[in-house]
2 protein chains.
Amino acid sequence: MSRAWLVEQLASLTPPDSASAQATRDRVNDILRPSGALARLDEIAIWIASWQRSAQPAVSRPVGLIFAANHGVAAAGVSNYPVEVTAATVAAFEAHSSTVTAFADIAGATVSVVDVGVNEPSNDFRTMRAVDAERVDHVIDVARRTVDALDTDLLVLGEMGIGNTTAAAAVAHALYGGQVHEWVGRGTGVDDAGLARKQQAVARGVARMERDDPDASGIDVVAEVGGLELVAMAAAIVAARQRSLPVLLDGYVVSAAAAALLDHHRDALAHCRAGHRSAEPGHRRLLALMGLDPLLDLDMRLGEASGAMAAVPLVRMACAAVTRVPTFTEWFSR
Amino acid sequence: MSRAWLVEQLASLTPPDSASAQATRDRVNDILRPSGALARLDEIAIWIASWQRSAQPAVSRPVGLIFAANHGVAAAGVSNYPVEVTAATVAAFEAHSSTVTAFADIAGATVSVVDVGVNEPSNDFRTMRAVDAERVDHVIDVARRTVDALDTDLLVLGEMGIGNTTAAAAVAHALYGGQVHEWVGRGTGVDDAGLARKQQAVARGVARMERDDPDASGIDVVAEVGGLELVAMAAAIVAARQRSLPVLLDGYVVSAAAAALLDHHRDALAHCRAGHRSAEPGHRRLLALMGLDPLLDLDMRLGEASGAMAAVPLVRMACAAVTRVPTFTEWFSR
């Protein structure tokens, strides 16, 4: 049922509000500074206006939404960390003792964590579909209800799950082809042997998917070789679109889940921007293919929405630069 | 007298506090996240610690300090804007109606503006030294007293002055050589004819300096072909060093004034970081020569400390990620 909702939403996407975008563009062109001086930030303000459907773009209630889950493929030895770290990290989020919660305090944001499978990992995608149809429906439903209930004007999307850069690489490789090694990086810092195990796991998973479900595309790729939190993030992006809520994407794992939606509709991510580019080489490649230009490029590789959260003040500044600064007309008619 | 103070300071520079840096580095290596995951931000926190001389690096009172002045070389038609815009922009800062003040609200910063020659421009450097010795002394003294009086833990340095990207290009060309066209950009957006006038003004100014004062280096280059606010910024950087206060540099004009200090001592800018890289091609070239890697690269070209102010939340986050997140040791001994 929920997968059907997702596919249906992607076939009839909420468009941006071009009137609010145009009104904001007109104001930008008359603001008390040299025209074009803010470049990317002006574009961000116009983008926010178009999705908030308001000529007064503002980010006053940003929310970091983190989906957490474990991965069967972790059994392949693809991470330096045991799967127990996922639960420990979720506990740190909830105790306000994590990097992203420290960032959120400075960004004026709150953080919400949703467990979609920390104690019930996805299947090992090397040998079987990662997320079966019933769980896909369930997780989409959880994500959709979560996003619908948020009081926010900017969704900052992130994840936590030991092994999930392997899942991201598998999804990206399945979606875009290329060579396995181009998509697989060191994640939290595996050594050469760990990197080889990651490459092998990705190659096996994608080959298995191509045997079991040769026509898989979009959300079904995420279910085949992604994982529970990737399905949830894809659904959250669609739910945000239904609400006309702008979304800031975090790193490689979020971007891979998002990219799958482009199989359904090439405009599926018009309400999304990349908060940052991570140190994972696959992320650079993926963002380029998706046509996304990140706000930050600081070699971060933490996940948990931290890179996108670091970009939130820039989005807030972009809006303030349009709404809190007078136009030439206003200034000289004081 | 004040020039002598500056030169003397640069000969006996305050060193960073290596004990605070090491204590912060030790804590970074035990923080509850994969080692190295914050990359550049960890380095920023250690840098702040070393200059704040504290193992609890924090940015709680950032101040944007903007020096404003006009330029005799504006008579060469190097800007799209008349010199009156400098005073109007200063009025907008003071009325809290400018881009940088809007940014400062979000960054948790205040903004301070110092007029060092809005109504009394520097001389036209095409035909004579931009700032005579007496004014150099006066402006250094003003900048020094201003920085000494600030209650702040991070100085965010910027400028305002119609014509000052021409002055920046002249200083950079005089310091580093190369071709004139490599240093001259469109500033606030001059057309091809304006660009040619800028190139010619820079070439004439530097050639004149090389005739009048062939041995000029460091602060004297800034006085010859820079301008009043550039002299003030150079002095502010030195005054901050005396206080062991970290400094975030804004765009091309600030960087050119800072670069001159490297003639006096190669470690003169160890307490400085580049907040952003602007759209001016000369700024990219200059930062590379100075060995500075900017936090942001968003094609902004506004000046008035705005690019550096946009980076302040990142510096605050870098500190919070070290001081507000538990170590593995702390977390598992709760």
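The text that follows walks through the structure, step by step, so that each part is easy to find. (Residues numbered from 1 in each chain as written. Chains lettered and ligands numbered in written order. Predicted model: local features only at pLDDT ≥ 70, side-chain atom pairs only at ≥ 80, totals over all residues. Heavy atoms only, no water.)

1. A closer look at helix H2 (residues 18-28) of chain A
Residue and element names in this part refer to chain A.
Thought 1: When we look at burial in H2, the residues that qualify are Ser-20, Ala-21, Thr-24, Arg-27 and Val-28. Buried residues of H2 fall within an arc of 125 degrees about the axis and therefore sit on the same side. Along H2, the residues that are exposed and aim more than 90 degrees away from the buried face are Ser-18 and Ala-19.
Thought 2: Looking at the buried positions of H2, the neighbouring elements they touch are helix H3 (40-52), helix H14 (306-323) and helix H15 (328-332).
Thought 3: Backbone nitrogen of Ala-19 and a side-chain oxygen of the N-cap are separated by 3.2 Å at the start of H2; the cap is Asp-17. (Buried < 20%, exposed > 50% of the residue type's maximum accessible area, 1.4 Å probe, protein only. Helix = DSSP H or I, 4+ residues; strand = E, 2+ residues; numbered from the N terminus. Arc of directions from axis to C-beta. Contact = heavy atoms within 4.5 Å. Polar contact = N/O pair within 3.5 Å; in protein donor to acceptor, adjacent residues only side chain to side chain.)

2. Focus on the relation of the copies chain A and chain B
Thought 1: Of the transformation placing chain A onto chain B, the axial shift is 0.0 Å and the rotation is 180 degrees, giving an RMSD of 0.0 Å. In short, the pair behaves as if placed about a two-fold rotation axis.
Thought 2: With an isologous cut-off of 70% or more, the 100% of interface residues of chain A that recur at the interface of chain B puts this contact in the isologous class. (Least-squares fit on C-alpha atoms with pLDDT ≥ 70 in both.)

3. Quick look at the packing of aromatic side chains
All names here are of chain A.
Thought 1: This structure, assessed with the given rule, holds four aromatic pairs over all chains.
Thought 2: The interplanar angle of 10 degrees and the centroid separation of 6.3 Å between the aromatic rings of Phe-328 and Phe-332 together place this pair among those described as stacked. Of this pair, Phe-328 and Phe-332 both sit in helix H15, four residues apart, which is roughly one turn of that helix.
Thought 3: Residue Phe-328 is classed as partly exposed on the basis of its relative accessible area, which comes to 29%.
Thought 4: For Arg-334, the ring lying beneath its charged end belongs to Trp-331, and the centroid distance is 3.5 Å. (Phe/Tyr/Trp six-rings, centres within 6.5 Å; stacked < 30°, edge-to-face > 60°. Lys NZ or Arg CZ within 6 Å of the ring centre and 35° of its normal.)

4. With respect to unusual backbone geometry
All names here are of chain B.
Thought 1: A positive phi angle, close to 45 degrees, is found at Ala-39, a residue other than glycine.
Thought 2: Position of Ala-39 relative to the elements: it lies in the loop between helix H2 (18-28) and helix H3 (40-52).
Thought 3: The backbone of Ala-305 sits at a positive phi, close to 70 degrees, despite the residue not being glycine.
Thought 4: Considering the arrangement of structural elements, one finds Ala-305 in the loop between helix H13 (281-290) and helix H14 (306-323).

5. As for the interface of chain A and chain B
Thought 1: Of the residues lining the interface, 42 residues belong to chain A; the matching set on chain B comes to 42 residues.
Thought 2: For the pair chain A and chain B, the summed buried surface comes to about 3,600 Å²; carbon and sulfur atoms form 75% of the total.
Thought 3: Of all residues in chain A, Ile-106, Leu-298 and Met-317 of chain A give up the largest surface area on contact with chain B, accounting jointly for 19% of the area buried on that side.
Thought 4: Between the two partners, chain A and chain B, sit zero salt bridges.
Thought 5: Counting every contact that joins chain A to chain B gives six residue pairs in polar contact (both at pLDDT 80 or more).
Thought 6: Of all the secondary-structure elements, those providing two or more residues to the side of chain A that touches chain B are H3, helix H4 (84-94), helix H5 (99-107) and H14 of chain A.
Thought 7: When residues in the side of chain A that touches chain B are grouped by element, the largest group, eight residues, is from H14 of chain A. (Buried area = accessible area lost by both parts, 1.4 Å probe. Salt bridge = Lys/Arg side-chain N within 4 Å of Asp/Glu carboxyl O.)

6. Here we look at the sheet that holds strand E1 (residues 62-71) of chain B
Residues and elements named next belong to chain B.
Thought 1: Strand order in the open sheet formed by five strands is E2-E1-E3-E4-E5, with parallel pairing between adjacent strands. Where the open sheet ends on each side, the last strands, each with one partner, are strand E2 (110-122) and strand E5 (272-274). Adjacent strand axes in the sheet meet at a mean angle of 25 degrees when their direction is disregarded.
Thought 2: Strand direction decides the pairing type here: E1 and E2, joined by eight bridges, are parallel. (Pairing = 2+ DSSP bridges. Axes fitted to C-alpha atoms, helices over the stretch in contact; angles between N-to-C directions.)

7. Details of the environment of Leu-292 of chain B
All names here are of chain B.
Thought 1: For Leu-292, the position within the fold is in the loop between H13 and H14.
Thought 2: Remark: the alpha-carbon pair of Leu-292 and Leu-269, spanning 23 residues in sequence, is separated by 9.5 Å.
Thought 3: Residues within four places of Leu-292 in sequence aside, it is in contact with Leu-249, Cys-272, Ala-274 and Leu-287.

8. Focus on the packing of helix H1 (residues 2-11) of chain A against helix H11 (residues 228-242) of chain A
Residue and element names in this part refer to chain A.
Thought 1: Between H1 and H11, whose axes approach to 10 Å, the crossing angle comes to 50 degrees. Between H1 and H11, the angle is such that the two are oblique. For the crossing formed where H1 meets H11, the hand is left-handed. Two secondary-structure elements touch here, H1 through Trp-5, Leu-6, Gln-9 and Leu-10 and H11 through Ala-234, Ala-235, Val-238, Ala-239 and Gln-242.
Thought 2: Grouping the amino acids of the contact of H1 with H11 by side-chain chemistry returns seven nonpolar, two polar and no charged. (Parallel < 35°, antiparallel > 145°, perpendicular 65-115°, else oblique. Left-handed = near helix turned anticlockwise from the far one by under 90°. Nonpolar A, V, L, I, M, F, W, Y, C, P; charged D, E, K, R; others polar.)

9. Examining the pairing of E1 of chain B
Residues and elements named next belong to chain B.
Thought 1: Counted residue by residue, E1 has 10 buried out of 10 residues, so it is predominantly covered.
Thought 2: With burial as the criterion, each face of E1 is covered, one bearing Pro-62, Gly-64, Ile-66, Ala-68 and Asn-70 and the other bearing Val-63, Leu-65, Phe-67, Ala-69 and His-71.
Thought 3: By the bridge criterion, seven bridges tie E1 to strand E3 (residues 154-160) in an arrangement that is parallel. Residue Phe-67 lies in a different strand from E3, and its bridge partner there is Glu-159.

10. Describing the environment of Val-114 of chain A
Residues and elements named next belong to chain A.
Thought 1: Here Val-114 is to be found in strand E2 (residues 110-122).
Thought 2: Along the chain, Val-114 and Ala-268 lie 154 residues apart, while their C-alpha atoms are 23 Å from each other.
Thought 3: Residue contacts for Val-114: discarding those within four places in its chain leaves Leu-65, Ile-66, Phe-67, Ala-68, Val-142 and Thr-146.

11. Re the side chain of Arg-126 of chain A
All names here are of chain A.
Thought 1: With respect to the helices and strands, the residue Arg-126 is situated in the loop between E2 and helix H6 (133-149).
Thought 2: Residue class for Arg-126 comes out buried when judged on its relative accessible area of 19%.
Thought 3: At 2.6 Å, the side chain of Arg-126 forms a polar contact with the side chain of Asp-124.

12. Remarks on the sheet that holds strand E1 (residues 62-71) of chain A
All names here are of chain A.
Thought 1: Spatial strand order, E2-E1-E3-E4-E5: five strands in an open sheet with parallel pairing. The sheet terminates laterally at E2 and strand E5 (272-274), the two strands that pair on one side only. Within the sheet, the average angular offset between the axes of one strand and its neighbour, ignoring direction, is 25 degrees.
Thought 2: The sheet contact formed by strand E4 (residues 247-249) and E5 spans three bridges and is parallel. Counted as the bridge partner of Leu-249 is Ala-274 from E5.
Thought 3: This element, H4, spans E1, E2 and strand E3 (154-160) of the sheet and lies at about 160 degrees to E2.

13. Considering the side chain of Ser-122 of chain B
Thought 1: Structurally, Ser-122 of chain B can be placed in strand E2.
Thought 2: Apart from residues lying up to four places away in sequence, Ser-122 of chain B is in contact with Asn-70, His-71, Gly-72, Ala-130, Val-131, Arg-135, Gly-227 and Leu-228 of chain B.

14. Remarks on the packing of helix H7 (residues 164-176) of chain A against helix H12 (residues 252-261) of chain A
All names here are of chain A.
Thought 1: At a minimum axis distance of 9 Å, the contact between H7 and H12 shows a crossing angle of 30 degrees. The two elements H7 and H12 meet at a crossing, and its hand is left-handed. Of the residues in H12, those in contact with Asn-164, Thr-165, Ala-168, Ala-169, Val-171, Ala-172, Leu-175 and Tyr-176 of H7 are Tyr-252, Val-253, Ala-256, Ala-259 and Ala-260.
Thought 2: Grouping the constituent residues of the contact of H7 with H12 by class yields 11 nonpolar, two polar and no charged.

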